[in-house]
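# A structural walkthrough
Now for the letters of each chain:
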Amino acid sequence: SKEELYRWLELPLLILYWSMAGVLPIQNLSDCLCAGRISTRGKIEPFRFDETSSDFLHRLDDLKLKVIASYNDDLRGLTYFIPLDEIIKFPDAS
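About the cut-offs
- Per-chain numbering applies: the sequence of each chain, read as written, is numbered from 1 onward.
- The predicted nature of this model means local features are confined to residues of pLDDT at least 70 and side-chain atom pairs, given and counted, to a pLDDT of 80 or more, with totals for whole chains, interfaces and linings taken over all residues.
- Hydrogens and waters are ignored; side-chain quantities use all the structure's heavy atoms.
- Note on aromatic pairs: the rings of Phe, Tyr and Trp (six-membered ring only in Trp) are paired at centre separations within 6.5 Å, and the planes decide the class, stacked below 30 degrees, edge-to-face beyond 60, tilted for the rest.
- Strands here mean DSSP runs of E at least two residues long; helices mean DSSP runs of H or I at least four residues long; both are numbered from the N terminus.
- Each residue is assigned to one of three classes by its accessible area relative to the maximum for its type, calculated with a 1.4 Å probe on protein chains only: buried under 20%, partly exposed between the two thresholds, exposed over 50%.
- The patches described consist of residues with a relative accessible area above 30% and no salt bridge, like charges being joined within 9 Å and nonpolar side chains (Val, Leu, Ile, Met, Phe, Trp, Tyr) within 5 Å.
- Surface accessibility follows the Shrake-Rupley procedure with a 1.4 Å probe radius. Residue values consider only the protein chains on display as shielding.
- Salt bridge, as used here: a side-chain nitrogen of Lys or Arg that lies within 4 Å of a carboxyl oxygen of Asp or Glu.
- Should DSSP find at least two bridges between two strands, the strands are regarded as paired.
- Here, nonpolar core refers to any group of buried Ala, Val, Leu, Ile, Met, Phe, Trp, Tyr and Cys residues whose side-chain atoms link them within 4.5 Å.
- Here, residues are in contact when the closest pair of their heavy atoms is within 4.5 Å.

Counted according to the given criterion, the structure contains two aromatic pairs. With 5.6 Å between their ring centres and 85° between their planes, W8 and F47 make a pair best called edge-to-face. Of this pair, W8 sits in the loop between α1 (2-7) and α2 (10-20) while F47 sits in the loop between β3 (44-46) and α3 (54-62), placing them 39 residues apart in sequence. With a centroid separation of 5.1 Å and an interplanar angle of 75°, the aromatic rings of F47 and F49 are classed as edge-to-face. Residue class for F49 comes out buried when judged on its relative accessible area of 9%.

Put into structure tokens, the structure is as follows:
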């Protein structure tokens with residue numbers, strides 16, 4: 001559903017808000033790509049890129065666009081990758 005697609009904007013909006021507030025070490029988000037949802041308990045569910053996303057991710061890398069995501073093997077080899085776990089530390093929410 002359309003509403004479900006909008007939920008993937010929750011994490012980018014939170015990162016944008018925290019960046020503007022000076023909480024995150026990222027000053028310029030104009031060349032970044034991120035998607036993810038956040039539960040009401042604060043649990044982050046970042047979009048998971050997989051092997052089907054390889055061409056798309058390498059195209060982003062060629063364009064020098066940064067991908068903000070949780071690390072997995074499918075992101076190995078990207079030059080422009082920002083590990084989500086290094087910029088946001090959330091308490092373990094169940």
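Next comes the rest of the account.
Turning to a nonpolar patch on the surface, a few remarks are in order. Residues Y6, L9, L13, L16 and M20 make up a contiguous nonpolar surface patch of about 550 Å² in total accessible area. When residues in the nonpolar patch are grouped by element, the largest group, three residues, is from α2. Look at L13 and you get exposed, because its relative accessible area is 53%.

Let us now look at the sheet that holds strand β1 (residues 32-33). Taken in spatial order, the three strands make up an open sheet running β1-β4-β5, and their pairing is parallel. In this open sheet, the two edge strands, each paired with only one partner strand, are β1 and β5 (81-83). Relative to β5, strand β4 (residues 66-69) runs parallel, the two sharing three bridges. Looking across to β5, one finds that A69 is bridged to P83.

In this structure, L11, I15, I68, L84, I87 and I88 are the most contacted members of the largest nonpolar core, which totals 14 residues. When contributions to this core are tallied by element, the ones reaching two or more residues are α2 and α4 (84-87). The greatest single-element share of this core, amounting to three residues, is contributed by α2. Residue contacts for I87: discarding those within four places in its chain leaves L24, P25, I26, I68 and I82.

In the structure shown here, the tally under the stated rule is four salt bridges. Within this structure, E4, R37 and E45 form a network of salt bridges that share partners.

Note that every value here comes from positions in space, so none of it alone points to a role or purpose.
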